[in-house]
Amino acid sequence: RASAARRGPAALKAPLKQRLLSLLRDNRAQLSPLIYERALLDTGALLVGLGEYTAAQRECFEPIARLAAAAKLAAGGDGAYEMGATADYGAVECELHALTARDPGLLKSASASVLSSLLERARAAMARCVPHESLYWVVFNGSVLIYRLCRHA
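### Let's talk about the pattern of salt bridges
Step number 1: Scanning the entire structure with this criterion turns up nine salt bridges.
Step number 2: A salt bridge links Lys17 to Glu52; its shortest N-O distance comes to 3.6 Å. In this pair, Lys17 sits in helix H2 (residues 9-27) while Glu52 sits in the loop between helix H3 (33-49) and helix H4 (53-69), placing the two residues 35 residues apart along the sequence.
Step number 3: Overall, Lys17 belongs to the buried group, its relative accessible area being 19%.
Step number 4: Arg148 serves as the salt-bridge partner of Glu93, at 3.5 Å between the closest nitrogen and oxygen. In this pair, Glu93 sits in helix H5 (residues 77-102) while Arg148 sits in helix H7 (residues 136-152), placing the two residues 55 residues apart along the sequence.
Step number 5: A network of salt bridges, in which partner residues are shared, links Glu62, Asp88, Arg121 and Arg128.

### Topic: the nonpolar core
Step number 1: Counting 21 residues, the largest nonpolar core has Leu40, Leu41, Leu47, Ala56, Phe61 and Ile64 as its most contacted members.
Step number 2: Broken down by secondary-structure element, the contributors of at least two residues to this core are H2, H3, H4 and H5.
Step number 3: If we ignore the near neighbours within four places in the chain, the residues touching Leu40 are Leu24, Glu59, Cys60 and Ile64.
Step number 4: Ala85, Leu99, Leu115 and Val138 belong to the second largest nonpolar core, which has 18 residues in total.

### Focus: H4
Step number 1: Along H4, the sharpest kink reaches roughly 40 degrees, centred on Phe61 and followed within four residues by the proline Pro63.
Step number 2: Of all the residues in H4, the buried ones are Ala55, Ala56, Gln57, Cys60, Phe61, Glu62, Pro63, Ile64 and Ala65.
Step number 3: Directly after H4, the chain includes Ala71, whose backbone phi takes a positive value near 55 degrees.

### Brief notes about the confidence of the model for the protein chain
Step number 1: Confidence along the protein chain averages 92 in pLDDT terms, with 93% of residues attaining 70 or more.
Step number 2: A low-confidence stretch, residues 1-6 (pLDDT under 50), is modelled with three contacts involving residues beyond four sequence positions or located in other chains.

### A look at the environment of Ala112
Step number 1: Turning to its location among the elements, Ala112 is positioned in helix H6 (residues 109-129).
Step number 2: By relative accessible area, which is 44% here, Ala112 ends up partly exposed.
Step number 3: Residues Ala112 and Leu41, 71 residues apart in the sequence, show an inter-C-alpha distance of 28 Å.

### Observations concerning the state of the cysteines
Step number 1: All chains considered together, the criterion is met by zero disulfides.
Step number 2: Cys94 supplies the cysteine sulfur nearest to Cys60, a cysteine that is in no disulfide, at a spacing of 8.7 Å.
Step number 3: Cys60 gets classed as buried once you look at its relative accessible area, which sits at 0%.
Step number 4: Free cysteine: Cys150, not disulfide-bonded; nearest cysteine sulfur from Cys129 at 18 Å.

### Let's talk about H6
Step number 1: Here H6 is 21 residues long and its end C-alpha atoms lie 31 Å apart, about the 30 Å a rise of 1.5 Å per residue gives.
Step number 2: For H6, the elements touching its buried residues are H5 and H7.

### Let's talk about unusual backbone geometry
For residues besides glycine, phi is generally negative; the peptide bonds are generally trans as well.
Step number 1: For Ala71, which is not a glycine, the phi torsion comes out positive at approximately 55 degrees.
Step number 2: Tracing the backbone through its elements, the reader meets Ala71 in the loop between H4 and H5.
Step number 3: A relative accessible area of 69% means that Ala71 is categorised as exposed.
Step number 4: A positive phi angle, close to 50 degrees, is found at Leu106, a residue other than glycine.

Calculation rules
Residues numbered from 1 in each chain as written. Predicted model: local features only at pLDDT ≥ 70, side-chain atom pairs only at ≥ 80, totals over all residues. Heavy atoms only, no water. Salt bridge = Lys/Arg side-chain N within 4 Å of Asp/Glu carboxyl O. Helix = DSSP H or I, 4+ residues; strand = E, 2+ residues; numbered from the N terminus. Buried < 20%, exposed > 50% of the residue type's maximum accessible area, 1.4 Å probe, protein only. Core = buried A, V, L, I, M, F, W, Y, C linked by side-chain atoms within 4.5 Å. Contact = heavy atoms within 4.5 Å. Bend = angle between axes of the 7 residues up to and from the residue. pLDDT = per-residue confidence, 0-100. Disulfide = S-S within 2.5 Å. Expected span 1.5 Å × (residues − 1).

Printed below as a string of structure tokens:
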């Protein structure tokens, strides 16, 4: 660990990312589906905080978004809408990071198209939550995300 600390923060991130993901995989059978799905979202948020956008998107947010789209989340009612929107927001944020890494000024026409699809995905996630008054904070988070997306436009 001391040698990893000397190599800088990047050397500390990779083992942490792998450890988080392996803990989830190894303990999946021992967790209820609802707890596992929440843990995926929480892990995704931690990975985003570490700058591990690709892992967060592929391993955490997209699996939950697919379950939500197929109405197969363990959570029901408002919990399912909240988890689905949170997963979509996380995936959008990760894709935005990848997009701006490839094209910082978003000058390519393909980048504009991707940004447009990200805006639509975030808008659709918000729209699913609007009828559920208790999810006002999820709608607000979507508004903040859309603002960040528009700043890049």
